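Fold and contact review
Chain residues, written in single-letter form:
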Amino acid sequence: MPSLRSPCPAHLIPDATGLDTFNAAYKAAKMADAVYVGVERRGRRWTVKADPLTAAAGHVIDDCAHEAVCRAVIRLVRSGEISASSGPGPGYYTLNGVASEGRARELAAALHAALYGDLKPLARAVPTTVPS
């Protein structure tokens, strides 16, 4: 798996469904010193996973980025778009119960960008207000 640039386009987020596929994607991220991100099919729903521990030792997620991710997760849970069992980090991020692969990829790309300090994709994917 090539290393993911940030912001990473949604179509490049790996489908890490299954243990072997997950292990390969996670290992590739670790070898590239990059934040791991992937989507996994769980029955009819999808899960987004991100792990900054695979990034280079100097990679830091600043408080602003972490808070933005936490607020986005809360909005997604309250709207019913993801499950309350989702975890907003800081060590490991999971968004459970996403309805479609496309939306899971969009959220994964936005999360990946946020973990590198680019909050614009997250703001677009999970706006603070619903457009009328």
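What this report covers is the structure whose coordinates are included nearby.

What counts and how
Residues numbered from 1 in each chain as written. Predicted model: local features only at pLDDT ≥ 70, side-chain atom pairs only at ≥ 80, totals over all residues. Heavy atoms only, no water. Buried < 20%, exposed > 50% of the residue type's maximum accessible area, 1.4 Å probe, protein only. Helix = DSSP H or I, 4+ residues; strand = E, 2+ residues; numbered from the N terminus. Pairing = 2+ DSSP bridges. Contact = heavy atoms within 4.5 Å. Phe/Tyr/Trp six-rings, centres within 6.5 Å; stacked < 30°, edge-to-face > 60°. Lys NZ or Arg CZ within 6 Å of the ring centre and 35° of its normal. Core = buried A, V, L, I, M, F, W, Y, C linked by side-chain atoms within 4.5 Å. Expected span 1.5 Å × (residues − 1). Arc of directions from axis to C-beta. Polar contact = N/O pair within 3.5 Å; in protein donor to acceptor, adjacent residues only side chain to side chain.

**What about the pairing of strand β1 (residues 36-42)?**
- Of all seven residues making up β1, five are buried, and the element is well covered by its neighbours.
- Of the pairings in the sheet, the one linking β1 to strand β2 (residues 45-51) comprises seven bridges and is antiparallel in character. Among the inter-strand pairings, E40 is bridged to a residue of β2, identified as T47.
- In this structure, the hairpin formed by β1 and β2 is closed by a connection of two residues, where G43 is found at a positive phi of approximately 65°.

**Some points on the side chain of T94**
- Within the secondary structure, T94 sits in strand β4 (residues 93-98).
- You can call T94 buried: its relative accessible area is 14%.
- Sequence-distant contacts of T94, that is, excluding residues within four places in its chain, are made with V48, K49, S85, S86 and G87.

**What about the packing of aromatic side chains?**
- Across all of its chains, the model carries three aromatic pairs by this definition.
- Residues Y26 and Y36 carry aromatic rings whose centres are separated by 5.4 Å and whose planes lie at 50° to one another, so their mutual orientation is tilted. A residue pair is termed long-range when its members are at least 10 positions apart, and Y26 in helix α1 (residues 19-31) and Y36 in strand β1 qualify at 10 residues.
- Here Y36 falls in the buried class, since its relative accessible area comes to 0%.
- Taken together, F22, Y26 and Y36 form an aromatic cluster joined through their ring pairs.
- Taking NZ or CZ as reference, K49 lies 5.3 Å from the ring centre of F22, over its face.

**As for the nonpolar core**
- Of all hydrophobic cores here, the largest spans 29 residues; its most connected members are V48, L107 and L122.
- Looking at this core, the elements that each hand over two or more residues are β1, β2, α2 (63-78), β4, α3 (101-115) and α4 (120-125).
- Among the elements that make up this core, the one with the highest residue count is α3 (eight residues).
- In contact with L122, not counting residues within four places along its chain, are A68, V69, A72, A110 and A114.
- Counting five residues, the second-largest nonpolar core is a separate cluster that includes A16, A25, A29 and Y36.

**With respect to the environment of L53**
- Within the secondary structure, L53 is located in the loop between β2 and α2.
- Put simply, L53 and V69 are 16 residues apart on the chain and 17 Å apart in space, counted from C-alpha to C-alpha.

**Digging into α1**
- Taking 1.5 Å as the rise per residue, α1 with 13 residues should run 18 Å; its terminal C-alpha atoms sit 18 Å apart, in good agreement.
- Listed in full, the buried residues belonging to α1 are F22, A25, A28 and A29. Looking down the long axis of α1, one finds its buried residues gathered within 130° of arc, a one-sided arrangement. Structural note: α1 exposes L19, D20, K27, K30 and M31 on the side pointing more than 90 degrees away from its buried face.
- On its buried face, α1 is in contact with β1 and β2.
- Downstream of α1 by one or two residues, D33 has phi in the positive range, about 55°.

**Notes on the environment of D15**
- Locating D15 in the fold gives a position in the segment before α1.
- Here the alpha-carbon distance between D15 and D33, two residues 18 residues apart in the chain, equals 19 Å.
- Contacts of D15, omitting those with residues within four sequence positions, involve T21, V39, E40, W46, E101 and R105.
- Polar side-chain contacts of D15 include one of 2.5 Å to the side chain of T17.

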